[in-house]
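Structural features, examined
Listed here are the chains, written in short residue letters.
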Amino acid sequence: MTRGEARRPPQEFDRVLSSMCTTPHPAAREAAQAFLATNPGDPETYPAVAERERDAVALLGEIVGLSSPHGYIAAGGTEANLQAVRAARNRADADAVNVVAPASAHFSFQKAADVLGVELRLAPTDGDHRADVAAVADLVDGDTAVVVGVAGTTEYGRVDPIPALADIAAGVDANLHVDAAWGGFVLPFTDHDWSFADAPVNTMAIDPHKMGQAPVPAGGFLARDPETLDALAIETPYLESDTQPTLGGTRSGAGVAGALASLRALWPDGYREQYERTQGNAEYLAAELAARGYDVVDPELPLVAADMPDAEFQALREEGWRISRTASDALRVVCMPHVTREMLAAFLDDVDALA
Ligand code: 0PR
């Protein structure tokens, strides 16, 4: 079996255009199965999966330009984002900590703020759906523990100006967290400044179970300094290991082994091919929709948003298409690896049939 177009999506992905999950790489599927009953939360008892986790973190570090990464394989972007806020809160010497993020940040930051008892301040985005730097600068103060930038937003696939956000964070002695949960596996092949190498980023979310082609659950939480994990560590007296920085206790060995297998199989060439193919598909869909008169947001990463009347959106859903909408009601198609040119052509045929 080859990667790419030749691999027909299994039934459950047949008409799925809205998801950030995708079909796992075959090697990742196999590795996950072999580690189904292991627990990386108990590394002394399950050393083979613990070693795989260290290797996976090292490879994630390569992808994001960090030579000695600290981190672990989390349940997903929600956990990685929450842990970034938690580490920053625990290291801040303020009583009433706040987090400043663009309004485009994923809703997991609302969960983090709620669970951690910190204030979430949302800055408006600019005309192109990116964080408005001046608005972020207005919201930070001496109690800001972390500034968030998104590298590949959930709704529009936009990349925030990470170096400018890093300057703002540094100005108030706050951490900078980059949410590259979705974008992290495509951005190395673009010319965006988003990585640990481009700016003084402290922490990052990068999820193997999204564009990494790993089986669910496999998120990535990465930190530049070991002190970040220290700020998260809880003592674990009765385990063979002394402390645990993760949010989960028992975790999925399948997620860890699957993530490593997909990283080994695909970084860098497989992910580059995947980026070129999925970006090409996004540009194809955007051009075809624009030619039909829809107002389309230029796809910077493999995600297409376009205005579509509600009646048409509903009719396409009734045809079985799994599509979703942004908060401002634009159609949103995520060109994940399982989305082929044929699928998009069939979708466009159904769009035409509505006319
Ligand atoms: N950060 C970003 C930028 C995200 O897009 C997401 C999820 C997260 C964090 C949270 O990641 P986890 O869901 O792994 O915790 N974005 C998708 C969304 O909300 C999640 C998703 C995935 C939704 C698959 C549907 C689906 O079928 O749209």
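Residues numbered from 1 in each chain as written. Predicted model: local features only at pLDDT ≥ 70, side-chain atom pairs only at ≥ 80, totals over all residues. Heavy atoms only, no water.

Moving on, we come to the overall build of the chain. Scanning the chain for helices and strands turns up eleven helices and 13 strands. In summary, the chain has a C-alpha radius of gyration of 20 Å against a globular reference of 20 Å for 355 residues, a match within 12%. Overall, the chain is about 65 × 50 × 35 Å in size when its C-alpha atoms are taken along their principal axes. Buried residues in the chain amount to 56% of all 355 residues. For the chain, contacts bridging at least 24 residues in sequence account for 70% of all contacts bridging at least 6. Approximately 14,500 Å² of the chain is accessible, and the part contributed by carbon and sulfur atoms is 47%. (Helix = DSSP H or I, 4+ residues; strand = E, 2+ residues; numbered from the N terminus. Rg over C-alpha atoms; globule rule 2.2 N^0.38 Å. Buried < 20%, exposed > 50% of the residue type's maximum accessible area, 1.4 Å probe, protein only. Contact = heavy atoms within 4.5 Å. Areas by Shrake-Rupley, 256 points an atom, 1.4 Å probe, with all protein chains shown as cover.)

The strand order across the open sheet built from seven strands is β1-β7-β6-β5-β4-β2-β3, with neighbouring strands paired in mixed fashion. The strands lining the two open edges of the sheet, one partner per strand, are β1 (70–74) and β3 (119–123). Here the strands of the sheet are splayed against their neighbours by 20° on average, with no regard to which way each runs. Sheet topology places strand β4 (residues 144–150) next to strand β5 (residues 175–179); five bridges connect them, and they run parallel. Bridge pairing links Val150 to Asp179 in β5. Helix α4 (residues 108–116) rests against β3, β4 and β5 of the sheet, and its axis sits at about 150° to β3. (Pairing = 2+ DSSP bridges. Axes fitted to C-alpha atoms, helices over the stretch in contact; angles between N-to-C directions.)

This paragraph deals with a negative patch on the surface. A grouping of Glu44, Glu235, Glu240 and Asp242 is seen on the molecular surface, where their side chains present a negatively charged patch. Assignment of secondary structure puts Glu240 in the loop between β8 (234–235) and β9 (243–244). (Patch = residues over 30% accessible without salt bridge, like charges linked within 9 Å, V, L, I, M, F, W, Y side chains within 5 Å. Salt bridge = Lys/Arg side-chain N within 4 Å of Asp/Glu carboxyl O. Lys, Arg positive; Asp, Glu negative; His and termini not counted. Charge placed at Lys NZ, Arg CZ, Asp CG, Glu CD.)

On inspection of all chains with the given rule, the structure shows zero disulfides. Free of any disulfide, Cys21 has its nearest cysteine sulfur in Cys335, 16 Å distant. (Disulfide = S-S within 2.5 Å.)

Moving on: the pattern of salt bridges. Counted by the stated rule, this structure contains 14 salt bridges. Taking the shortest distance from any N to any O, the salt bridge between Glu119 and Arg121 comes out at 3.1 Å. Salt bridges here are not isolated pairs; linked through shared partners, they connect Asp128, Arg130, Arg158 and Glu300.

To continue, consider the packing of helix α8 (residues 253–266) against helix α9 (residues 269–291). At a closest axis distance of 5 Å, the pairing of α8 and α9 adopts a crossing angle of 80°. In terms of axis orientation, α8 runs roughly perpendicular to α9. Taken together, the residues of α9 that come into contact with α8 (itself represented by Ser262, Leu263 and Leu266) are Asp269, Gly270 and Tyr271. Considering only residue class, the contact of α8 with α9 consists of three nonpolar, two polar and one charged. (Parallel < 35°, antiparallel > 145°, perpendicular 65-115°, else oblique. Nonpolar A, V, L, I, M, F, W, Y, C, P; charged D, E, K, R; others polar.)

Remember that the coordinates give geometry; whether it matters functionally is a separate question.
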